[in-house]
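Given next are the chains, with one letter for each unit.
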Amino acid sequence: MPRRTLLAGIAGGLVAMSASPVVASGRRVLHVRPGDSVQAAVDAVDAPGRTILLHPGTYREVVNVPVDKEQLTIRGITGDPRDVVIVHDNANGTQKPDGSGTYGTAGSATFSSAAPGLTVRDLTLANDWLRADHPDITGTQAVAAYLTGDRTHLDNVRLLAHQDTLFADTTALDSFDRQYFRHCHIEGDVDFVFGRATAVFDRCRFHTLRRDVTFTPKGMVFAPSTARANPHGILAVRSRFTSGAEDSAYKLARPWVPSYEITAWPSLVVRDSLIGPGIDPVAPYTNMRDAYPWQSMRFREYSNSGPGAVITVPANRPQLTDAEATLHTPAAYLGDWHPHPHLHPHRSL
């Protein structure tokens, strides 16, 4: 996919980043305009609960929110996520400028955060690195957002890339950090939502991209790597699965058991969602490695609809019972954290 297609709809064009720092001076709200640096604004945050407002434009830079920037809000000022875009183009196999090696998967991220209580709203996070432009690079993972902090909330955010678009992870192997995504658009091709976080996707759209390759499956939406001790992995609820590729070209998920955490027990629940024809209805799951078959993982569905949700081989589509479904709701996954009013634990799904 050409870069201009991946980032279609971006307003403002590319803008150069100025080297001048943003000075907070105790202000609760910082404004970033074309010519400013988003990272400089993050660096200037001097207390919890600050807000950074981004004015319309495309900010080509890498942004990292460190762990000490607690309860930070970063949002586009217009409310339309197409108006504000943070984008860069590093991949796993991209060489660092200092010659110290390649970035790796997590290091390729355009936007990363370890800060607890982060809120990102009304903007686009993108990685427009393309395989076709770099045939010499085999590490083709190119992350748009790498998120690890507990109580991370993305609302009305577009996440655009190809392979490994969203790395929803935790700060440590034994941490069960929670993330909540609401009204988000997430697109990609291979494992484009992955990681070990307790991650709830509520009313989101997952869009699989067209790929000019001859093999199938052409990719997978999810690749969870949930810790065995964590009862909650990835939950997609009231969401839509759409595709720019041909029917049945994609799998819904495959389990990721990392070499550094071979005790992982990936968990994924997709429920009350519309699954379009781009997902293979006969065999929606596959293996990443045969040593860890998907059938032994915590993959379940419940009350889905659409052509990609049709159950033709029941063994290939394990379902929650009605009783089990009560344990797999946004409120159950997020516990004492209520990022949105409709997540009150006493309300029904």
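The written sequence of each chain sets the order in which its residues are numbered from 1. Only residues with pLDDT of at least 70 get local features here, since the model is predicted, and only at 80 or more are side-chain atom pairs given and counted; chain-wide, interface and lining totals rely on the full set of residues. Working from all heavy atoms in the structure, the side-chain values ignore hydrogens and water.

### Notes on the sheet that holds strand 10 (residues 145-147)
As a reminder, the rule being used: Strand pairing is defined by DSSP finding a minimum of two bridges between the two strands. Strands here are runs of E lasting at least two residues and helices are runs of H or I lasting at least four, both read from the DSSP assignment and numbered beginning at the N terminus. Here the axes come from fitting lines to C-alpha atoms, over the contacting stretch only for helices, and the angles between their N-to-C directions go from 0 to 180 degrees.
Taken in spatial order, the seven strands make up an open sheet running 5-8-10-12-15-18-21, and their pairing is parallel. Looking at strand neighbours, the two that pair on one side only are strand 5 (63-65) and strand 21 (250-253), the edges of this open sheet. Averaged over all pairs of adjacent strands, the angle between strand axes in this sheet comes to 10°, irrespective of strand direction.

### Observations concerning the nonpolar core
Generally speaking, soluble globular proteins have nonpolar side chains that are buried together. Applicable threshold: Here, the term nonpolar core denotes a set of buried Ala, Val, Leu, Ile, Met, Phe, Trp, Tyr and Cys residues that are joined through side-chain atoms within 4.5 Å. Exposure classes here rest on a 1.4 Å probe applied to the protein chains alone. A residue is buried below 20% of its type maximum, exposed above 50%, and partly exposed in between. Contacts were defined at the residue level, with two residues in contact if any of their heavy atoms lie within 4.5 Å.
Residues Ile52, Leu166, Phe201, Phe206 and Phe222 are the most contacted members of the largest nonpolar core, which totals 60 residues. If one sorts the elements of this core by residue count, helix 2 (residues 38-44) sits on top with four residues. Beyond its immediate sequence surroundings of up to four residues, phenylalanine 222 is in contact with Asp191, Val193, Phe206, Ile234, Ala236, Phe241, Leu252, Ala253, Arg254, Leu268 and Val270. Listed in part, the 10 residues of the second largest apolar core include Val200, Val269, Leu320 and Ala325.

### Considering the pattern of salt bridges
Inclusion rule: Only one rule defines a salt bridge in this text: a Lys or Arg side-chain nitrogen within 4 Å of an Asp or Glu carboxyl oxygen.
Within this structure, the stated rule accounts for 20 salt bridges. Residues arginine 121 and aspartate 155 are paired through a salt bridge, measuring 3.5 Å at the closest nitrogen-oxygen approach. With arginine 121 in strand 9 (residues 119-127) and aspartate 155 in strand 11 (residues 152-160), the pair connects residues that are 34 residues apart, well separated along the chain. The network of salt bridges with common partners includes Arg75, Arg121, Asp122, Asp155 and Arg182.

### As for the packing of aromatic side chains
Worth spelling out the cut-off: We call Phe, Tyr and Trp rings a pair once their centres come within 6.5 Å, taking the six-membered ring for Trp, and we label the pair stacked below 30 degrees between planes, edge-to-face above 60, and tilted otherwise.
Taken as a whole, this structure holds 12 aromatic pairs when the rule is applied. Centroid distance phenylalanine 201 to phenylalanine 206: 5.5 Å. Interplanar angle 65°. Geometry classified as edge-to-face. Ring geometry for phenylalanine 206 against phenylalanine 241: centres 4.9 Å apart, planes inclined by 20°, an arrangement best described as stacked. Highlighted residues: phenylalanine 206 in strand 17 (residues 205-208) and phenylalanine 241 in strand 20 (residues 240-243), separated in sequence by 35 residues. Residue phenylalanine 206 is classed as buried on the basis of its relative accessible area of 0%. Aromatic ring contacts, followed pair by pair, group Tyr146, Phe167, Phe194, Trp256 and Tyr260 into a single cluster.

### Regarding the side chain of arginine 271
To be explicit about the condition: Within 3.5 Å is the distance limit for a polar contact, defined as a pair of N or O atoms, with the added protein rule that one can donate a hydrogen and the other accept it, and that residues adjacent in sequence qualify only through two side-chain atoms.
Inspection of the secondary structure assignment puts arginine 271 in strand 22 (residues 267-271). By relative accessible area, which is 6% here, arginine 271 ends up buried. A distance of 2.8 Å separates a polar side-chain atom of arginine 271 from the backbone oxygen of alanine 325. Within the structure, arginine 271 has its side chain in polar contact with the backbone oxygen of histidine 328 (distance 2.9 Å).

### Quick word on unusual backbone geometry
Residue proline 217 is bonded to the preceding threonine 216 through a cis peptide linkage, with omega at -5°. Relative to the helices and strands, proline 217 is located in the loop between strand 17 and strand 18 (219-224). In the Ramachandran plot, arginine 151 falls in the positive-phi region, its phi being about 60° despite a non-glycine side chain. Turning to its location among the elements, arginine 151 is positioned in the loop between strand 10 and strand 11. A positive phi angle, near 55°, is found at arginine 238, a position not held by glycine.

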